[in-house]
Amino acid sequence: MIKFTLLFGLLFPFFVVAQTATIKGVVKDKLNEEPVIGCFITIGQNFKAVSDENGNYEVANVPYGAYKMQIASFDFDTLLLDLVVDKPTIVVDPKLGGSTEIEEIKVIANIAIDRKTPIAITKISATKIAEELGSRDIPMLLNATPGVYATQTGGGDGDARITVRGFDQRNVGVLIDGVPVNDMENGSVYWSNWFGLDAITNQIQIQRGLGATKLSMPSVGGSMNIVTSGIGSRKGISFKQEYGTGNFIRSSLTYNSGLTKKGWGVTFSGSYKQGDGWVYGTNTQGGFYYAKVQKKLEKHLISLSAFGAPQKHGQRSFNQRVQYWDTETARDLGLIIDSTQVYDRGVRFNQHWGYATENGKQVVKNERLNYYHKPQITLKDFWTVNKKLSVSNIAYMSIGRGGGTRLANSAGTIYKADGTIDWDAIVKANQVDQLFGGPNIDPAYSTTELKSTQVLVSSVNNHFWVGYLGQFQYEFSKQLTINGGIDYRFYKGSHYQEIRDLLGGDYFINTSNQNTSSPMKREGDKISLNSYNNDRDGLVQWGGIFGSAEYANERWSVFVNLSGVINAYKGIDYFQKKVLEVGDTTLRIGANDTVVYQGQTYTSSSDGLDYLKTDWKTIPGGTIKAGANYTLNENSNIFLNLGYLSRTPQFSNVIDNNTNTFFYEIKNEIIQAIELGYSYTNKYFGVNVNGYFTNWKNKPFPFGVSVPDPNDPTASIFLNINGMDAIHYGGEVDVAFKITKKLSGELMASLGDWTWNSSETFYVPELDYTFTFDAKGVHVGDAAQTMINASLRYEPFNRFYIKAQYQWFDRYYANFSPFSLQGTNARRESWQIPSYGLLNAFVGYSYKIKKVNLFFNGSVTNILNSKYIADATSNFYGTGFDAQTASVMFGGGFRFNLAVGVQF
């Protein structure tokens, strides 16, 4: 025994020295949870490792003791940790990125946290955007998300539209760095205004349903949070050059300084694009600029950012008969080809363009040209008051300028035999008298100038928008956090028509409802092609207050959110003037015109008359949302959320744009929603399953419903009809799996059942008018109610990937107005377009030489060049509720995009 004790005593120091540990983990980007490749991990002076393509690292044989652990990357600021090695295996998962900015994003941009926030969410990482977006609009990338259906509509660059769970993008809230961007008059989002955002986007998060957004947003179907880069993101310079279908060329340059030693950070990005478009005549040209300057003080992170995307692109505006595009598809649908109508133009055809002679050259000219520039400036201050309290203040301003063109006289448009516009013939008709062959001069107006009978008119839609968003977050304890804030917005939209191109003439005669005495109009002059709706302002004010409480422990996560809002609306019409009130009737008249009412003639004067204005109308609304998440074990959790929303109507359902008067009866939309979900995840497999039920009451038809005027059967009026209800319910599942280190995949499926739920008789006492409709049980149109997406990603060797993706869409009912379901057409289903599938492929490779990373990305969408109908409207050519009477738009064919670039 004594000998053993002596031997142990002699060997004990060697056992102590021999005690070593293995340090391992995964290095991730703190913002988007993406693995960070190529990080240098140093423990003490002698123990080092480099993270692999999945962010994994391992350092073996580290003796017990206390160390400094350093995680360094070319792309992020260096992270320094204190590490105590006191057991055989220690797991450290470092997360790189500025902690203050991350906290700012959580507070401001309402980013949900996986397995904690009780909602259905999908995160789109910067890596996925780079691999799959190509030259497409952002909504087209989201087609792989459960419940999301997106199309390119007419095929113009930036003309994409998106629906979530059957709700169009007027009802999907979109935020960029916490700032709402939905149009304040109609709720729409115009994606051509946001070209280039992909270059500086760190993450896109889709929250389906009412979501966890604290603001009182129009997020009935869901919300989309786009978070841009900042000082917490990868630092360096990158340049990318792209080439794609339709001679598409795009050059992009991005710079991020990271956080300097003095607390400054700068992010800059710029892009230029041009192309001919996949659809003929949809030429595009545009730029993008983004600049963000940040300063980190002791307790403040201050940032000033500005971005914009000036652009112009040709459009294709109208759906047509199936045979117009493709007779083969028409015959497959059992349709009879009408030889008296246009047929077989081709799915890329566009009736809005043609070649024009300008400066002796033939150039492409599109009558439907969209041009716009919407710069947005944002000033933020994120203040960490103490460990428990943080406050954010955001002030922002957006100034939009632009519009869209069209020919003033559709009947006077001259076409060539191939269906394109003959611009040279139109110019000649404006310059040469068609009867006598001499100059086209009308002595009643001018004896020397040429009178144009056809001109290009621009519908201008300018806006001015300012807002303030103030929020706070206070941690009562490790479990309980409260949030609150205020939200104010002021918006002015100006809408009018002006002459953009006289097409060879010197002036144009316009006598309809003018606010000036002279009917002779020059380029840049305002005109009126219709009786109303030609020079008006829409003013909207929005004041909101919101608050929420969140409780979380090891098992439970619970939140309650309350918000209230007051919406104010006002309209001004500059082409109509209020002369006087005769009883209950307001007489409206243009300047220097007369009106006869009850046998009396009234004459206006250009002096002393006020423009026709409405008063301010205020409408309150509010939201209550609650949810709970329960963690079953380390791999799985369940959640439940529900909500009630009294949503104030949009401007277009409060003020009739045609008469600049309030609709007769205005009610809030009521939305009731409940959702239940389950998630399971481990190292190789993850699945999310959820079901939802949404009851929408008083769902409005945008801009009102056109009905016969009871006082004049030959005319129409617009009514805001309440009582149209809809029920949207369904289930969604998305799966991610990893078969080997090199092979992984994703699977998504969503099945919805979205139907109208109303059979009503609507009475307008002011007009003594009755309107009846019956849409109960009829499926909602304009989006596929069944969607499946499957993809496989294979990495045969380091830094090289190839991905195949298949998307399938079914049960798309053609768009229609449920208010049209009357009489024998009551409860009649809309036409269901044929299901279709698309095969896409993506490939990429990157090669790193010291601090320089060279990369290549390629994408091909619709590899098989499948012909398919992507959008349809029922009963455009009759009331058959079938393919024969429907108008349709085909989706895009084979398209590719190649990109090469360098990062350093």
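Structural data are supplied above this passage.
Residues numbered from 1 in each chain as written. Predicted model: local features only at pLDDT ≥ 70, side-chain atom pairs only at ≥ 80, totals over all residues. Heavy atoms only, no water.

Asker: What is the right way to read the sheet that holds strand E8 (residues 89–91) from this model?
Answerer: Note on sheets: strands pair through backbone hydrogen bonds, and any given pair is parallel or antiparallel. Taken together, the 3 strands give an open sheet; going across it, the order is E5-E1-E8, and neighbouring strands pair in mixed fashion. Both outer strands of the open sheet, strand E5 (56–63) and E8, are each paired with one neighbouring strand and no more. Averaged over all adjacent pairs, the angle separating strand axes in this sheet is 20 degrees, with direction ignored. (Pairing = 2+ DSSP bridges. Helix = DSSP H or I, 4+ residues; strand = E, 2+ residues; numbered from the N terminus. Axes fitted to C-alpha atoms, helices over the stretch in contact; angles between N-to-C directions.)

Asker: I would appreciate a short explanation of the pattern of salt bridges in the present structure.
Answerer: If you walk through the whole model with that rule in mind, you get 31 salt bridges. Between Arg 368 and Glu 367 there is a salt bridge, with the nearest N and O atoms lying 3.9 Å from each other. Under the relative-accessibility criterion, Glu 367 is labelled buried at 6%. Note that Asp 537 and Lys 492 form a salt bridge whose closest N and O atoms lie 3.7 Å from each other. Here Asp 537, found in strand E35 (residues 535–552), pairs with Lys 492, found in strand E31 (residues 480–501); they are 45 residues apart in sequence, far enough to count as distant. Here the salt bridges share partners, and the residues they tie into one network are Lys 128, Glu 131, Glu 132, Glu 746, Arg 793, Glu 795 and Lys 803. (Salt bridge = Lys/Arg side-chain N within 4 Å of Asp/Glu carboxyl O. Buried < 20%, exposed > 50% of the residue type's maximum accessible area, 1.4 Å probe, protein only.)

Asker: Explain the pairing of strand E19 (residues 248–256) here, please?
Answerer: Burial along E19 is one-sided: Phe 248, Arg 250, Ser 252, Thr 254 and Asn 256 are buried, while Ile 249, Ser 251, Leu 253 and Tyr 255, pointing the other way, are not. Direction of pairing for strand E18 (residues 236–244) relative to E19: antiparallel, over a ladder of 9 bridges. Bridge pairing links Glu 242 to Arg 250 in E19. Hairpin connection between E18 and E19: a loop of 3 residues separates the two successive antiparallel strands, and Gly 246 in this loop has a positive phi of roughly 70 degrees. Pairing of E19 with strand E20 (residues 264–275), which is carried by 8 bridges, proceeds in the antiparallel orientation.

Asker: Looking at this structure, how should I read the packing of aromatic side chains?
Answerer: For any pair of aromatic rings, geometry is given as the distance between the ring centres together with the angle between the planes. For the structure shown, the criterion picks out 25 aromatic pairs. Ring plane angle 45 degrees and centroid distance 5.3 Å describe the contact between Phe 167 and Trp 696, whose orientation is recorded as tilted. Of the two residues, Phe 167 sits in strand E13 (residues 167–168) while Trp 696 sits in strand E46 (residues 685–697), which places them 529 residues apart along the sequence. Across the pair, exposure class does not vary: Phe 167 and Trp 696 are buried alike. Through a chain of ring-to-ring contacts, three or more aromatic side chains come together here, namely Tyr 149, Phe 809, Tyr 812, Tyr 836 and Tyr 868. Above the plane of the ring of Tyr 371 lies Arg 500, whose end atom (NZ or CZ) is 4.1 Å from the centre. (Phe/Tyr/Trp six-rings, centres within 6.5 Å; stacked < 30°, edge-to-face > 60°. Lys NZ or Arg CZ within 6 Å of the ring centre and 35° of its normal.)

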